[in-house]
Amino acid sequence: MVEVIQEGEENGNNMPIRLRLPSGVEIIGLPTENFYGGEWDLGPTWNYLILADQPFLVDTGKFGMGRKLLTMMESAGVSGDAIEFIVVSHGHEDHDGGLFEMVESIRAKVKAHRIYDRLIRFYPSKAPADVNKDFPASCWHCFMPESFSNQHCLVYHQERSRLKIEQIGDGHCTIGKAIHTYHVPGHSPDALAILVGGEALIVGDTVLPQITPFPSREAFFGQVREILQAQYTHAQSIYGLRAYIRSLRKLEQIGRRFTDLLVLPGHRLFYSNQWNELNLQLRINQLIEHHIDRCADILRILQQGPKTAREIAVGHFAEPLLKGFGIMMAENEILSHCELLRTSNDVFLAGDTGFAATGSSNFESLIRSLEAE
Ligand SMILES: [Zn+2]
Ligand SMILES: [Zn+2]
């Protein structure tokens, strides 16, 4: 089923592949490398070129990868000019970093969820007081130090903010002949899954093999509410762990409706010289159990008394994951779970920055009761 077009590295870097769907439609997998430093390797971003009636590309790798992606495409015998449009799975830099460069060279249209169209823009007069006004709304919650952002992100954001976006709506939309999108917010508020002819489902970072995608936080909604479309009135419908789990349930429904779907993730399709076949149902159940276990462990840690998110992170995560910027990622993850634990009344705010356990344990039934919207 998988034809390797060109050998690459053992984590999948630079290894274009060809997949043939039963209908004859071909999908070219284009893995572009990521390098974020540190010991942990995310592996490449898997971008997908769908050779349907109207050929289109999903994602463009990280900043600087646009050219490389075109070269890889050519090695698969497809010229960039063949692409009619590009779909953004979600507005994270490892997925849309190469977008501006691609658009400049092949003049393709860009389709993305309508929240993306708002988050990539700059609003110097509307930014909350305590955020970096020199960055787009997507970054108002960023926890990286300003020195890092100025060096690594500024040009990417300036270019990205100039893109013209054809907006994709909520729920289920049709963007081409037998090509459908589903809004699956949670990891990112603008996340989409793309269904190709009822045969393949491109899931971006919402479902990954081997790694658990991080959920966003409901708290981010307060910062951007004013610049989003007026129909977004509830944080938990587009941000945070509750939104994420509902989106997993939505994908599960799609999986039940279209059996034998080929599920294509944004990372780890191939890693350590191995293919990671994604069984949607199984993987979604694993991810939900993972979040239940994480909430349970947070409550266990809080049995010793009130703690800050950072203290909980140190108690919960293995030490290597806390190195460098890892601690900030870990803290963010804990805060996201604490939001859910506060909703289930298992945790309350203690002082300015601390969390304490109420003694109850309602989170599991809350998580299990979340359904696709
Ligand atoms: Zn992502
Ligand atoms: Zn990613």
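Residues numbered from 1 in each chain as written. Chains lettered and ligands numbered in written order. Predicted model: local features only at pLDDT ≥ 70, side-chain atom pairs only at ≥ 80, totals over all residues. Heavy atoms only, no water.

The subject of this paragraph is the layout of surface pockets. Quantified by volume, the second largest pocket comes out at close to 390 Å³. Forming the boundary of the second largest pocket are 19 residues, of which Leu 261, Leu 262, Val 263, Glu 277 and Leu 278 lie nearest the centre. Those elements giving two or more residues to the lining of the second largest pocket turn out to be strand E13 (262-265) and helix H10 (280-302). With three residues, the single largest contributor to the lining of the second largest pocket is E13. When the residues that make up the lining of the second largest pocket are grouped by side-chain class, the tally is twelve nonpolar, five polar and two charged. (1 Å grid on protein atoms, 1.4 Å probe; cavity = no way out; pocket = protein on both sides within 12 Å on 5 of 7 lines; lining within 4 Å. Points joined across faces, edges and corners; volume = space filled by probe spheres on them. Helix = DSSP H or I, 4+ residues; strand = E, 2+ residues; numbered from the N terminus. Nonpolar A, V, L, I, M, F, W, Y, C, P; charged D, E, K, R; others polar.)

Time to look at the packing of aromatic side chains. For any pair of aromatic rings, geometry is given as the distance between the ring centres together with the angle between the planes. Counted by the stated rule, this structure contains six aromatic pairs. Seen in terms of ring centroids, Tyr 123 and Trp 140 are 6.1 Å apart; in terms of plane orientation they differ by 70°. Their pairing is edge-to-face. In this pair, Tyr 123 sits in the loop between helix H4 (114-119) and helix H5 (146-152) while Trp 140 sits in the loop between H4 and H5, placing the two residues 17 residues apart along the sequence. Take Trp 140: its relative accessible area is 5%, and that puts it in the buried class. Between Phe 220 and Tyr 239, the ring centres sit 6.2 Å apart and the planes meet at 85°, which makes this aromatic pair edge-to-face. In this pair, Phe 220 is assigned in helix H7 (residues 219-224) and Tyr 239 in the loop between helix H8 (235-238) and helix H9 (240-257), connecting sequence segments 19 residues apart. Taken individually, Phe 220 and Tyr 239 each receive the classification buried, so the pair is uniform in this respect. (Phe/Tyr/Trp six-rings, centres within 6.5 Å; stacked < 30°, edge-to-face > 60°. Buried < 20%, exposed > 50% of the residue type's maximum accessible area, 1.4 Å probe, protein only.)

On to the pairing of strand E10 (residues 179-183), then. Most of E10 sits inside the fold, with four of its five residues counted as buried. Looking at chain direction, strand E9 (residues 172-176) and E10 are connected through four bridges and run antiparallel. Paired with Cys 173 across the two strands is Thr 181, which belongs to E10. The hairpin turn running from E9 into E10, its antiparallel successor, is two residues long, and Ala 178 in that turn takes a positive phi close to 60°. In this sheet, strand E11 (residues 192-196) lies alongside E10 in antiparallel orientation, the contact comprising five bridges. Bridge pairing links Ile 179 to Val 196 in E11. (Pairing = 2+ DSSP bridges.)

Note that every value here comes from positions in space, so none of it alone points to a role or purpose.
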